[in-house]
Every structure is written in C-alpha cells, then in structure tokens.
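# Structural features, examined
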Amino acid sequence: CAMDWQVLTRELSLYLESQVRVGLFGSGVGLSLVLGFGVAYACYYLSSIAKKPQLVASNDRFCRFLEEYCPVVTETYYPTIWCWEGRVQTLLRPFITSRPQVQYRNELIKTADGGQISLDWFDNNDSLYYPDASTRPTVLLLPGLTGTSKESYILHMIHQSETLGYRCVVFNNRGIAGEDLLTPRTYCAANTEDLEAVIHHVHSLHPSASFMAAGVSMGGMLLLNYLGKTGRDTPLMAAAIFSAGWNVFESVESLEKPLNWLLFNYYLTTCLQSSISRHRQMLEKLFDMDLVMKARTVREFDKQFTSVMFGYRTIDDYYEDASPCRKLKSVGIPVLCLNSVDDVFSPGHAIPVETAKQNANVALVLTSCGGHIGFLEGIWPRKCTYMDRVFKQFVQAMFEHGNKVFSM
C-alpha cells in the first residue's frame, strides 16, 4: 500500500506537462503555477504529513518483537495524498473502501439474564494452513458502537484472516444485528458481562485453538475494559485495539464542538436511536422512550438511556467506568493499540501515553493522521488501509511467534 512518493511526484510532474496546455491563461504561466503548486504540496506532504508512527512501549522486548514480526508499526505511514485530514478520512472511509464478500454462519447464544447474543462465524473450512478445525486459530472481532458484522472494516479483517488461514467470529451487541431483544437490555462500553459470556463460549467450542481478539472504536473500549478487569485470567493470548476512545469525557467534549456535532455527533445519536427504536415495545417498559428519542447528542442519549439501563447514579459515573484509560494498568496480556492523534472521537491529548508506559504488556502505535477508523493510504485506498496491515501483521505475529514476545 505504501509507495515511493518521490517517484509519484516525478510522475505527477510528467503527467501535468503532458495534460496541461502551455497556452493556459494565454501563456506558460498557468503550467508553471500548476507545477509549482504540485511540487510545493508534495514537499509539504512529505515533510509534514507522511511520518513514522510513534511507538510507545516500556518493554524493550515487546518493541523488538514488533519491529521484527510487525514491522508496519515502524514504517512511514503515507496517508492518501488528497484526503489526509482526520475528519475527511473518517467520513470517506465507509464510502471508499471495498466490501469483501463474506459468508457467515449465524449462532444465537443465550445469556444468564434470559437475553440472546448474535454471533457471526467465518469458519474458514477451506484453510490450507490449518485444515484441522480444532486447532485453527480464532480471532474474535468486536465492531464499533452501532456496528455489526457487515461493517467494511470487519469484512476487511476477516479477509486478512482468511488469507492467513484463521477462523473469525464477530460479536454483535444485543439487538443490532436483526435479532430480537428478549429482555429490556442492550449494551454499553463499561459492562463486560456479554463479552465474557462470548469469550468463554467460543473458547469452550475450540479449547485447543489459539485465541485472540480485536476491537474497533467502542468494541476496543469494551475489550480493554474486559482485559483490565480480568488481567491474566482470560483465554485470550493477545488483543488488538483500533481507534478506541480512551477517555469518554474528552471524547464527548470533542464531539460536541460545533463542526464535530454537525459532522458526527448528531448522526451518531440518530443511529443509536434507530438501533433501539425497533425494540421500543420491549424497552418502553422501563424507559420514557419519547424522551430518549428527543436526544440530540450522544451525551443526552447516554444520560436518558445508557446510564439508566446499567444502573449508574449519574452519567459521570457511567463515563468514568466506561473509560479504558482507568483500567490500562491491569491489562495482563500483550495488547497493541492503534490510534490517530487527529481522531475527533478520541483526541490525541486524551491518549494515556504515560499510563501505557507503566504496563509492559501494552504498546501504543500513534499516527499523526488517520482520523477515526480511517487510516486510508494510497492514491485510491479501496482495498487496503494502514489499519488492515497492522491488524494482519500483529495477528500473524502473535499466532505464529507469540511465544517470543517476552523471551527476546
């Protein structure tokens, strides 16, 4: 996906010379202006935009492991030259990236409170590297706030896993993948009960298979909160986290800035409302749904619905419990976390760099550009993103060389 941008600049100049008429604006001045702007933009891009990510890890052995088996985290990240700004990357990714075809096998599992969870399995029974299903490595995928197994970033993770021979299973939060709510309960970033049930269910089905997880956005927050709660007492051998919101207070404050509210907050709020409106008959037993449907920000929705559902006294209590930065010290397995510092959903100043340095199991990879689940690269970033490459290399590194993480 990465390319030699000096070659690109040279080719761009040749292309412009062949396409732009010298007579533009009546003289050769127009061509000179176009070429001058192109060269200036290329110089700015190469000096200020294209940068190596910051790798934060207190454990030198973990760093060496990543440098050897996951080298993408040390390579220069070249954001798509015409849409490198964070908001633009965030907005365009769902429309630009392709949607690989994935054939799922659905499974509904029951929960202790009488509810049900929808799991979408990609068994990869044609795996050449791991023909024995009992030992085929398994990746549990957690989508974002209102995401399901149909999200393009999930489909790309499955495609990457398929090429490596791995099995995937997608954890769809309650009530958003087409299944009915059997109890008046949905999900949140702080409550890990459903995730715990899923992890133990998947592990019980394939106890001899290596097992790790990857979470995106709220899925990453939920996974981090689970890992902070369980420490080393988990069947997972490692985890990958992408675009997690580390501090919910900072995230909602960022999303409430006028431009961010217009571009993201209001739309996300309507998505949340849409996800529960189908279950209105079940939920209105406990909630004033008319009031919930009047929310115009994520904070208002959480105040009227999410925090109440999970028994928090105030919304601040919920946000404090939901913030993974408060549990990072307790993570007990190797975790790689990718964030962009220009992500309006997770502001760069709220990324817990100093806390991460206090846990030898944690490595942060921080890019200067990429937005929220963006990380677009290449001229036309349809098939591969920087996030996809980090996912593929880290998962393969852990499954195939994981025993070397802390022995190098």
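All values derive from a computational prediction rather than experimental measurement. (Residues numbered from 1 in each chain as written. Predicted model: local features only at pLDDT ≥ 70, side-chain atom pairs only at ≥ 80, totals over all residues. Heavy atoms only, no water.)

## What about the domain arrangement of the chain?
Going by this rule: Delimitation of the domains relies on an automatic or database domain assignment. Residues are treated as being in contact if the distance between any of their heavy atoms lies within 4.5 Å. In short, buried area is how much 1.4 Å probe accessible area vanishes from two parts on joining, totalled over both. Every case where a carboxyl oxygen of Asp or Glu lies within 4 Å of a side-chain nitrogen of Lys or Arg is listed as a salt bridge. The numbering of helices and of strands both runs from the N terminus, where a helix is a DSSP run of H or I of at least 4 residues and a strand a run of E of at least 2.
Assigned domains within the chain: domain 1 (55-247 + 323-402) and domain 2 (248-322). Placing the centre of domain 1 and that of domain 2 at their C-alpha centroids yields a distance of 23 Å. Contacts between the two partners involve 36 residues from domain 1 and, on the opposite side, 30 residues from domain 2. Overall, the association of domain 1 and domain 2 removes approximately 2700 Å² of surface from exposure, summing both partners, and the carbon and sulfur fraction of that is 64%. At the boundary of domain 1 with domain 2, the tally comes to two salt bridges. Of all elements in the fold, only helix H4 (86-96) and helix H7 (218-230) reach the threshold of two or more residues within the side of domain 1 that touches domain 2. With three residues, H4 is the largest single contributor of residues to the side of domain 1 that touches domain 2.

## Overview of the sheet that holds strand S9 (residues 362-367)
Under the convention used in this document: A pair of strands counts as paired when DSSP detects no fewer than two bridges linking them. With axes taken as lines fitted to C-alpha atoms, and helix axes fitted only over the stretch in contact, angles between N-to-C directions fall between 0 and 180 degrees.
Taken together, nine strands build an open sheet; the order of strands is S1-S9-S8-S7-S6-S4-S5-S3-S2 and the sheet is mixed. What marks the edges here is a single partner per strand, and that holds for strand S1 (54-56) and strand S2 (105-110). Each strand of the sheet is rotated relative to its neighbour by a mean of 20 degrees, with strand direction disregarded. Where strand S8 (residues 335-340) lies against S9, six bridges are found, and the strand directions are parallel. Paired with Leu336 across the strands is Ala363, a residue of S9. Strands in contact with helix H3 (residues 60-69) are S1, S8 and S9; relative to S9, the strand with the most contacts, it is inclined by about 55 degrees.

## Digging into helix H8 (residues 248-255)
Our working definition: With a 1.4 Å probe rolled over the protein chains alone, any residue whose accessible area is under 20% of its type maximum counts as buried; one over 50% counts as exposed, and the rest are partly exposed. Taking the helix axis as origin, the arc is that swept by the directions to the C-beta atoms. N or O atoms within 3.5 Å of each other form a polar contact, as long as, within protein, one can give a hydrogen and the other can take it, and as long as residues adjacent in sequence are counted only when both atoms are side-chain atoms.
Every buried residue of H8 is listed here: Val248, Ser251, Val252, Ser254 and Leu255. Buried residues of H8, seen end-on, are gathered within an arc of 160 degrees and therefore sit on one face of the element. Turning to H8, the residues buried within the fold contact H7, helix H9 (258-277), helix H12 (298-309) and helix H13 (315-322). Capping the start of H8, Asn247 holds a side-chain oxygen 3.0 Å from the backbone nitrogen of Phe249, two or three residues further along.

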